[in-house]
Amino acid sequence: ADALEIYRMVLPFDPMFEVLADDRVYTQKSCLENISHFDTCTFEEFVLQTRTPVDDIVRFLSARVQPISKLHMFFPDILARDRALEATAHLPFDITHQLRSNLEFTSRGVTKGLGVTRLAEYLNIPLSEVMAIGDNMNDVPMLEKVGYSVAMKNAVGPEVFAAAKYVTDTNDEDGVAKAILKWAV
């Protein structure tokens, strides 16, 4: 499956389809103009400021020859997201989400877990001595790799807590700072 095929598979579920490539996030211009239709949680302003609009995402994908880093989608609601996930779950990609109504597609094995592993190797630090802090599903592979895995108290989903050895306070309660002071200093 390629990006265009994935787009066609999720189209019935009304996504704001985003292509991460060239250090940019490309999004259909009409979706940005109608952003309130999509469940972007509290990130609406951030999305509007950081996306590169394209007039026709199908034409953009059809003409693209450079590699794509990730595909990202916002949906109008959780039900649409879940239906899109069900329709694409068989594809040879890692599919995760970080918000209640989004999906992220990356090449199989390209996760935060791989990222933290490569960074630790590059810095010559054993993974057993690395700390990672997460609060969402896309953090689980990273939490599973490190010696000091910490879930935020406001993490979404039991999988995040299951992957973590420790739990810290919420974002609003300075949980990251507290975790660093407790386990990293």
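Residues numbered from 1 in each chain as written. Predicted model: local features only at pLDDT ≥ 70, side-chain atom pairs only at ≥ 80, totals over all residues. Heavy atoms only, no water.

**Structural notes on the overall build of the protein chain**
Step number 1: Of regular secondary structure, the protein chain possesses 9 helices and 9 strands.
Step number 2: Rg of the C-alpha trace for the protein chain: 18 Å, near the compact-globule value of 16 Å for 185 residues, within the 12% margin.
Step number 3: For the C-alpha atoms alone, the extent of the protein chain along its principal axes is close to 50 × 30 × 30 Å.
Step number 4: Buried residues in the protein chain amount to 42% of all 185 residues.
Step number 5: Summing over all exposed atoms, the protein chain offers an accessible surface of approximately 10,300 Å²; the carbon and sulfur share of this is 53%.
Step number 6: A gap of 3 Å separates the mean positions of the 18 positive and 27 negative side-chain charges of the protein chain. (Helix = DSSP H or I, 4+ residues; strand = E, 2+ residues; numbered from the N terminus. Rg over C-alpha atoms; globule rule 2.2 N^0.38 Å. Buried < 20%, exposed > 50% of the residue type's maximum accessible area, 1.4 Å probe, protein only. Areas by Shrake-Rupley, 256 points an atom, 1.4 Å probe, with all protein chains shown as cover. Lys, Arg positive; Asp, Glu negative; His and termini not counted. Charge placed at Lys NZ, Arg CZ, Asp CG, Glu CD.)

**Let's talk about helix H9 (residues 175-184)**
Step number 1: Every buried residue belonging to H9 is among Gly175, Ala179 and Trp183, and all of these are buried. All buried residues of H9 fall inside an arc of 35° around its axis, so they share one side.
Step number 2: Against strand E7 (131-134), strand E8 (148-152) and strand E9 (166-168) lie the buried residues of H9. (Arc of directions from axis to C-beta. Contact = heavy atoms within 4.5 Å.)

**Looking at the sheet that holds strand E4 (residues 70-74)**
One key point about sheets: their strands pair by backbone hydrogen bonds, in either a parallel or an antiparallel sense.
Step number 1: Strand order in the open sheet formed by 6 strands is E3-E2-E1-E4-E6-E5, and the pairing between neighbours is mixed. Both outer strands of the open sheet, strand E3 (52-54) and strand E5 (93-96), are each paired with one neighbouring strand and no more. Ignoring strand direction, the axes of neighbouring strands in this sheet form an average angle of 25°.
Step number 2: Here E5 runs beside strand E6 (residues 102-107); their pairing, made up of 4 bridges, is antiparallel. (Pairing = 2+ DSSP bridges. Axes fitted to C-alpha atoms, helices over the stretch in contact; angles between N-to-C directions.)

**Some remarks on the packing of aromatic side chains**
Two measures describe an aromatic ring pair: the distance that separates the ring centres and the angle between the ring planes.
Step number 1: Counting across every chain of the model gives 5 aromatic pairs.
Step number 2: Here the aromatic residues Tyr148, Tyr166 and Trp183 are joined through ring pairs into a cluster of three or more. (Phe/Tyr/Trp six-rings, centres within 6.5 Å; stacked < 30°, edge-to-face > 60°.)

**Examining helix H1 (residues 3-10)**
Step number 1: Those residues of H1 not exposed but buried are Ala3, Leu4, Ile6, Tyr7 and Val10. Seen end-on, H1 carries its buried residues on one side only, within an arc spanning 160°.

**Considering the sheet that holds E9**
Step number 1: As summarised here, the arrangement of the 3 strands in space is E7-E8-E9, forming an open sheet in which the pairing is parallel. Two strands bound the open sheet, and with one partner strand each, they are E7 and E9. When the angles between neighbouring strand axes are averaged without regard to direction, this sheet yields 30°.
Step number 2: Bridge count between E7 and E8: 4 bridges; the pairing is parallel. Across the sheet, glycine 134 pairs through a bridge with alanine 151, a residue of E8.
Step number 3: Taken strand by strand, H9 contacts E7, E8 and E9, and its axis lies near 155° from that of E7.

**Structural notes on the pairing of E7**
Step number 1: Alternating residues of E7 divide into Ala132 and Gly134, all buried, and Met131 and Ile133, none buried.
Step number 2: As for the winding sense of the linkage, the β-α-β connection from E7 through helix H7 (residues 140-145) to E8 is right-handed. (Right-handed = clockwise from strand over helix to strand, strands pointing away.)

**Concerning the nonpolar core**
Step number 1: In terms of nonpolar packing, the biggest core is built from 23 residues, with Phe17, Val19 and Leu61 touching the most fellow members.
Step number 2: It is H1 that provides the largest number of residues to this core, a total of 5 residues.
Step number 3: Beyond its immediate chain neighbours, meaning those up to four positions away, leucine 61 contacts Ala3, Leu4, Tyr7, Phe17, Val19 and Ile68.
Step number 4: Grouped together as the second largest cluster of nonpolar side chains are 14 residues, Ala132, Leu143, Ala155 and Val160 included. (Core = buried A, V, L, I, M, F, W, Y, C linked by side-chain atoms within 4.5 Å.)

**Some points on unusual backbone geometry**
Step number 1: Even without being a glycine, aspartate 23 presents a positive backbone phi close to 60°.
Step number 2: One can find aspartate 23 in the loop between strand E1 (16-21) and strand E2 (24-28).

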